[in-house]
Amino acid sequence: AADVKELEYIAALVQTTDNDKEGFVDASIDARDIKYHLRSRYGIRISKEQVRKIILSGLGGGESEDDCLDLCEVVAALMIPCLRKLVTDDWIKSDSSESFNEESDGPVSVVKSNPEEESDDEQVKDRLFHELVSTEEILRDVLSNILLLATGSPKPQPLTKELVRKIFAAFDENSLVENDELVSEMIAAAGGDALSEDTEGGAVLFNTKTFARVLTSDIMLYDPSVENRYTSNFVDAFSPAPNEGGQNTSITARNSSNEIDMSEGIDAQDAKKNALGTVGDGAKVAFNTIKDDALSGLGETVIADTEYGKITKEFTFSTLDFTLDNQRSRFHVVSVWFGFIAFYLRYFYNQGNEHSVCSGDGFGCQVGQSVFNWTIVMLLLCITGVIYFAVLGSGNDVYRRSFLDVFIGVAGVLVFVVFPLIPEFQFRAAFFSTISENPSDDIFHVTAVVVFAIIATMNLYFQFTNAIRVLFSDETIGRSKFLSRMLVGSITRDERHFKQAAVFKVNRMMDNAFKLHTKDKPGGPTSTHDLALLNFNKISDKTEPAPGFFWVWKSFFNDDLWVKEGIWIHTRLLAGMLGQIFVVILIVALYSVASRFWIDDYAENVLGEQSCKASFDVENCIAPQFNGINLGFITCTEVILEGDGCSSNQIREDVLKTLCEYIPPHPVTNETVCDNARVYSFETEYASVTGENIQQGDCEAQLTACFSYEINDDIRRAACVLGIGPKFFIPYMFEGPLCESISPINSVLDSRPQLFRQAETLIRDLRDTTDDLIDKILPDIWMLRLAATVGLVTGLIVGISIFVHYVPSTVSTVLKFRSGVLPSLRYAV
């Protein structure tokens, strides 16, 4: 039942219309379906009349407008490779006038591909395919059923017209019983005497060997070796056979009329060049060669000239067609995708923001600016994207082979990837710039150089293999183990796998059908048709679980997904998956950096944890006075500032000038430090007092402003004003149990007015209460770090999970369609 459902699914993929409801539901494929399928998949232009004359007349049983391929005829077409491998050419041509001998009706030989064209693993794989089905046993069983129904005896009999008519009558083919021409042709195909009416006078016995000859006489042009050859289905169908000189003319052979010349090999072309003799003729030939190389495959190319008219192929621009996967290499496509993302981020991202369409901060202006910016982004993506993919993907066409395409691809790598990184070629234009403001210090620029170098190297390697590929025909590459590994490309390699998958599935289908006819078979010469129906009813409801996660990935890496199941993983899917994992890694990295910044900012501005540590020795401090009155602060030299939080902040010029009057001179030069020093102002930072018998926290002073005169890494020496609150300039800002015993801080605190003492006590109590309340509400640093870590790990796991489940989900859905668990498109009517 699963085999039938899979055949119906295949038919549904090929069908193009449901105008004929009955034929559509019955999974019939007509001439229009075949025409559109060949046009959309391969770019082949063929008329419906040609389809009827060439394809349906042989496989569909007729060439009228109503003729089509039903499921039985599709199965017959799929069995051609299996039947063709039953016998060799020499075996088919062997003497057919043998007398009947049951003991001589032995196994039928199975043709194998040329061992020189296969590696050891390929031969083993081919044998494994055929071990599923004992072909000669199946043929013998089928023949016994035919003879038993037609004559009442399963023993082989002489093949005559009378026997053929009995067979037709037994299977209710009454319209064929009186068709003498068909009967004669069938006997002639078996090598018998088509003119004999005497059932005893037939020269050929209708045994297993004769039956195999009858089944394969009209399909001997099929070459079974293509199943293990690294060539596409298109090349297998339309490439010419090898000529006597051992050379193959490729499907992309060039001539002035843009048609394929299948009669002239490479040796003949070389001889023609040598015969020209003159420099002028040689230049003309060279020009024509270049011209033919450039125009080859463009427009329409004749790929077959039949008695029913020419069949042509259109240029499909496969470098931009990511639906059909007609590119040569998947990895080339993926590298072009990633290259475009890097190109856009480096040269186009946020470029439209520099151009304003309105002035002001109103809502309407902001909306208009956003619409303008996104419109520019879309235009840039559309215009540059088409050019970028067409140029850098040039040469990756699985059909067209031209040095011009390779040249365009290399030029595209230089123009889009290499030249913008060279200072001499950098420029700036509207919405576009290749200039980096600080290239030596810009980490973004350095990263872009590394990424672009990798992308350029990968694309140049692919173009190098494309250039070598032009020198050889597809058949030469497919037959050579070395060339096929290096030049064949991942898409053609997948097509080879699918040819093997078709063989595997047909053999498995035959094996399943054979088991229906042989399971619980009673002894004696009896027909197995009723038994097959009974066995089918017993297992028709039998199901098996859909493949799981580990099975899919195991099949993905050992090629069973392609070789046995024949499931196509599209390049755009792989590119999207790799892009997704790249985005996940990028987001995780950015989230890590942002989380660290947010937590540090929270610790500094909310929890009050200082990222700037300051310390001073009171021996280097004085308490400024005005008219004998203490001003409420101290000034010190040799203040040590440590940490990246000691940053420069704005300070009012009049305040700076006033503070400079009280700053002591440089302790060494005895000169003012205000003129050439870097100024630091602070908001909440405190400096600790150092000295003998003084510990951290014993006494601290509010940092007001510092004038740095020596910088060594993150350590700065400065002359500072301490004790004044920077926001409201409140003096006497000293804290600690020992402050009142340390000179000169004690003299400052002793001069505090009583009002300040009371206000300070009130503020301290209020602040302690507020700090306790805040400590209970606000999370600690470890809580934030734990939450950030959990979020980071969870996001990473989710991103990777989506990545690793996409292929299993796709494969499972396809297999459910094939087995009928999910209704196919045919049931939509």
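Residues numbered from 1 in each chain as written. Predicted model: local features only at pLDDT ≥ 70, side-chain atom pairs only at ≥ 80, totals over all residues. Heavy atoms only, no water.

Considerations on the packing of helix α17 (residues 330-347) against helix α20 (residues 443-470)
- At a minimum axis distance of 10 Å, the contact between α17 and α20 shows a crossing angle of 150°. Taken together, the axes of α17 and α20 lie roughly antiparallel to each other. In the packing of α17 onto α20, the handedness of the crossing is left-handed. Contact with α17, carried on its side by F331, H332, S335, V336, F338, G339, A342, F343, L345, R346 and Y347, involves F444, H445, A448, V451, F452, I455, M458, N459, F462, Q463 and N466 of α20 and no other residues of that element.
- A class-by-class count of the residues in the contact of α17 with α20 yields 14 nonpolar, seven polar and one charged. (Axes fitted to C-alpha atoms, helices over the stretch in contact; angles between N-to-C directions. Helix = DSSP H or I, 4+ residues; strand = E, 2+ residues; numbered from the N terminus. Parallel < 35°, antiparallel > 145°, perpendicular 65-115°, else oblique. Left-handed = near helix turned anticlockwise from the far one by under 90°. Contact = heavy atoms within 4.5 Å. Nonpolar A, V, L, I, M, F, W, Y, C, P; charged D, E, K, R; others polar.)

Observations regarding empty space enclosed by the protein
- Using the criterion set out here, one finds four cavities of 30 Å³ or more in the structure.
- Within this model, the largest cavity holds a volume of roughly 100 Å³.
- As for the largest cavity, its lining consists of Y230, T231, S232, V235, V398, R469, D474, I477, G478, L487, V488 and T492.
- Top element by residues in the lining of the largest cavity is helix α21 (residues 474-479). It accounts for three residues.
- A class-by-class count of the residues in the lining of the largest cavity yields six nonpolar, four polar and two charged.
- Taken together, T319, F322, Q327, H332, V333, V336, F389, G393 and N396 form the lining of the second largest cavity.
- Of all the elements, α17 adds the most residues to the lining of the second largest cavity, at three residues. (1 Å grid on protein atoms, 1.4 Å probe; cavity = no way out; pocket = protein on both sides within 12 Å on 5 of 7 lines; lining within 4 Å. Points joined across faces, edges and corners; volume = space filled by probe spheres on them.)

Points about the nonpolar core
- Among the nonpolar cores identified, the biggest contains 30 residues, and I29, I34, I44 and F234 are the most heavily contacted of them.
- Contributing elements (two or more residues each) for this core: α1 (2-14), α3 (31-42), α4 (48-59), α5 (71-78), α14 (233-238), β2 (300-306) and α23 (490-518).
- Not counting chain neighbours up to four residues away, the residues in contact with I29 comprise A11, V14, I34, C68, L69 and V74.
- Among the nonpolar cores identified, the runner-up in size contains 28 residues, and V639, C720, V748 and L749 belong to it. (Core = buried A, V, L, I, M, F, W, Y, C linked by side-chain atoms within 4.5 Å. Buried < 20%, exposed > 50% of the residue type's maximum accessible area, 1.4 Å probe, protein only.)

Quick notes on the pattern of salt bridges
- Applying the stated rule across the entire model yields 16 salt bridges.
- In this structure, R165 engages D180 in a salt bridge whose closest nitrogen and oxygen atoms are separated by 2.6 Å. In this pair, R165 sits in helix α10 (residues 161-170) while D180 sits in helix α12 (residues 180-189), placing the two residues 15 residues apart along the sequence.
- Where K499 meets D236, a salt bridge forms, and the shortest distance between an N and an O atom there is 2.8 Å. With K499 in helix α23 and D236 in helix α14, the pair connects residues that are 263 residues apart, well separated along the chain.
- Classification of D236 by relative accessible area gives partly exposed; the value is 25%.
- Through salt bridges with shared partners, a single ionic network connects E6, K505, E565 and R818. (Salt bridge = Lys/Arg side-chain N within 4 Å of Asp/Glu carboxyl O.)

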